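This is what each chain is made of:
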Amino acid sequence: RDELENEMAELRRVLGWNATLLARQWHDLAGAGLGVYGTIPQEVRVWVVDGAPYAWSFHYLNALASPKGFPPSVPDLGQLADWAGRCAAPFRSRCVVADFARASSGGWLFIEAGPGSCAGTAHETVFKAVAERLRGSACGKLPGDNVGGPFPS
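Residues numbered from 1 in each chain as written. Predicted model: local features only at pLDDT ≥ 70, side-chain atom pairs only at ≥ 80, totals over all residues. Heavy atoms only, no water.

Q: How would you explain the overall build of the chain if you had to name every residue and give the values?
A: What the chain contains, in helices and strands, is three helices and seven strands. Along the chain, helices (α) and strands (β) appear in the sequence α-β-β-β-β-α-β-β-α-β when read from the amino end. Each principal axis of the C-alpha atoms in the chain carries an extent, and together these give about 55 × 35 × 25 Å. Here the chain holds 153 residues, and the buried ones make up 35% of them. Of all intrachain contacts in the chain linking residues separated by at least 6 positions in sequence, the fraction that spans at least 24 positions is 55%. (Helix = DSSP H or I, 4+ residues; strand = E, 2+ residues; numbered from the N terminus. Buried < 20%, exposed > 50% of the residue type's maximum accessible area, 1.4 Å probe, protein only. Contact = heavy atoms within 4.5 Å.)

Structure representation (structure tokens):
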């Protein structure tokens, strides 16, 4: 605890004393591959539109085009859709994203959730489909691939 408090004090001194710091529990996450700064986790972003989980995408597609462990299994996608719908329920935003990562021991962990207005993805098809859904356009069936797409029916 002393080390954490010292680190926070130093960060606040460098960044500004009123800086917001977020500390989270450390989790050992399953790797999807290697990036410039080390192992990239198997992390999924779920897009919830008007209260319903609509699409998912590999979160670090901009850094890793062919992640290990993707696509998630149909049961895993069902679980992520369920969790994302629950995470999105308290928000008033029409678009909410919820991020989940696979633990190295198996299973999924909730990472964070927030309004979709400040979220992005390198999965162009998913991003455009979410935008079309928000516009109210009939965008047809969202095609999926190994790194993103619709939830199974």
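Q: Tell me about the packing of aromatic side chains, and please be specific about residues and values.
A: Scanning all chains against the criterion turns up six aromatic pairs. With 5.9 Å between their ring centres and 45° between their planes, Trp83 and Phe100 make a pair best called tilted. Of this pair, Trp83 sits in helix α2 (residues 74–88) while Phe100 is found in strand β5 (residues 95–102), placing the two residues 17 residues apart along the sequence. When its relative accessible area of 26% is taken as the criterion, Trp83 is described as partly exposed. Linked through ring pairs, Trp56, Phe58, Tyr60 and Phe70 together constitute an aromatic cluster. (Phe/Tyr/Trp six-rings, centres within 6.5 Å; stacked < 30°, edge-to-face > 60°.)

Q: Which residues make up the nonpolar core, and what are the values?
A: One finds Val44, Val46, Phe58 and Phe100 to be the most contacted residues of the largest nonpolar core, which totals 21 residues. When residues of this core are traced back to their parent elements, those giving at least two are β3 (43–49), β4 (52–58), α2 and β5. In terms of residues, this core owes the most to one element, α2, which gives five residues. With near-sequence residues (within four places) excluded, Val44 lies in contact with Trp56, Ser57, His59, Phe70, Pro72, Leu80, Ala98, Asp99, Phe100 and Trp108. Counting residues in hydrophobic clusters, the runner-up holds 11 residues, among them Trp47, Ala55, Cys95 and Val97. (Core = buried A, V, L, I, M, F, W, Y, C linked by side-chain atoms within 4.5 Å.)

Q: Describe unusual backbone geometry, and please don't skip the residues or the numbers.
A: Backbone torsion omega between Phe70 and Pro71 reads 0°, so that peptide bond is classified as cis. The backbone of Asp50 shows a phi angle near 50°, a positive value even though the residue is not glycine. Examined against the element boundaries, Asp50 turns out to sit in the loop between β3 and β4.

Q: Residue-level account of the environment of Ala65, with values.
A: Of note, Ala65 is situated in the loop between β4 and α2. Ala65 sits 29 residues away from Arg94 along the chain, and the two C-alpha atoms are 29 Å apart.

Q: Give me the side chain of His123: which residues, what numbers.
A: Following the sequence through the fold, His123 ends up in the loop between β6 (108–115) and α3 (124–135). Engagement of the side chain of His123 in a polar contact is seen with the backbone nitrogen of Val126, the distance being 3.1 Å. Sequence-distant contacts of His123, defined by excluding residues within four places in its chain, comprise Ser57, Leu61, Asp145, Val147 and Gly148. (Polar contact = N/O pair within 3.5 Å; in protein donor to acceptor, adjacent residues only side chain to side chain.)

Q: With reference to specific residues and values, describe the sheet that holds β4.
A: Spatial strand order, β6-β5-β3-β4-β7: five strands in an open sheet with antiparallel pairing. Of all strands in the sheet, those bounded by a partner on one side alone are β6 and β7 (148–150). Each adjacent strand pair in this sheet contributes to an overall mean axis angle of 20°, direction not counted. Contacts between α2 and the sheet are confined to β3, β4, β5 and β6, with β5 contributing the most and set at about 135° to the helix. (Pairing = 2+ DSSP bridges. Axes fitted to C-alpha atoms, helices over the stretch in contact; angles between N-to-C directions.)

Q: How would you summarise α3 if you had to cite specific residues and measurements?
A: Each full turn of the α-helix corresponds to 3.6 residues, which orients residues three or four apart in the same direction. The terminal C-alpha atoms of α3, which comprises 12 residues, lie 16 Å apart, in line with the 16 Å expected from a rise of 1.5 Å per residue. Listed as buried for α3 are Val126, Ala129 and Val130. All buried residues of α3 lie within an arc of 100° about the axis, which places them on one face of the element. Structural note: α3 exposes Glu124 and Arg135 on the side pointing more than 90 degrees away from its buried face. Lining the buried residues of α3 we find β3, β4, β5 and β7. Gly136 lies just past α3 and shows a positive phi near 85°. (Expected span 1.5 Å × (residues − 1). Arc of directions from axis to C-beta.)

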